[in-house]
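Understanding the architecture of this molecule
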Amino acid sequence: MATNPELVREGYDTVDHIADDRKDLLTVGMEAYTKTGVIGRSSLATAEKGRSVLDHLGKAFRSCLRSLDVVM
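As the structure is a computational prediction, the values presented were derived from the model and not from experiment. Counting of residues starts from 1 at the beginning of each chain's written sequence and follows it residue by residue. Local features in this predicted model are restricted to residues of pLDDT 70 or higher, and side-chain atom pairs are both shown and tallied only at a pLDDT of 80 or more, whereas totals for entire chains, interfaces and linings draw on every residue. Excluding hydrogens and water, the side-chain values take into account all heavy atoms of the structure.

1. Details of the environment of Lys35
Applicable threshold: The numbering of helices and of strands both runs from the N terminus, where a helix is a DSSP run of H or I of at least 4 residues and a strand a run of E of at least 2.
Position of Lys35 relative to the elements: it lies in the loop between α1 (25–28) and α2 (47–71). Expressed as a C-alpha distance, the spacing of Lys35 and Pro5, which sit 30 residues apart in the sequence, is 22 Å.

2. Description of the side chain of Ser42
Heads up, the condition is: Here's how the labels work: a residue is buried when its accessible area is under 20% of the maximum for its type, exposed when over 50%, partly exposed in between, all with a 1.4 Å probe on protein chains only. Every residue pair with non-hydrogen atoms within 4.5 Å of one another is taken to be in contact.
Its location among the elements puts Ser42 in the loop between α1 and α2. Since its relative accessible area comes to 17%, Ser42 is described here as buried. Apart from residues no more than four positions distant in its own chain, Ser42 is found in contact with Tyr12, Val15 and Asp16.

3. Overview of the pattern of salt bridges
Just so we agree on the cut-off: Here, a salt bridge means any side-chain nitrogen of Lys or Arg that lies within 4 Å of a carboxyl oxygen of Asp or Glu.
In the structure shown here, the tally under the stated rule is two salt bridges. Measuring nitrogen to oxygen at the nearest pair gives 3.6 Å for the salt bridge that ties Asp21 to Lys23. Put simply, Asp55 and Lys59 hold a salt bridge, and the shortest N to O gap is 3.2 Å. Note that Asp55 and Lys59 are positioned in helix α2 at a spacing of four residues, about one turn of the helix. Exposure remark for Asp55: the relative accessible area of 42% places this residue in the partly exposed category.

Put into structure tokens, the structure is as follows:
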């Protein structure tokens, strides 16, 4: 939504799917937990929230890169 809104499928706001126990997600994949490809509450998604998350991740990554620069 924040970077490529054209890729957001119609109906994203009606396919919430809670799968609290996902301990095998990395080994069995999403298909074992959801038929729609959604885990979580996609109905709560907004472009603003996405921008906020991306901004936070960018700042956190910048901090990691600075740490590496000091080490090297």
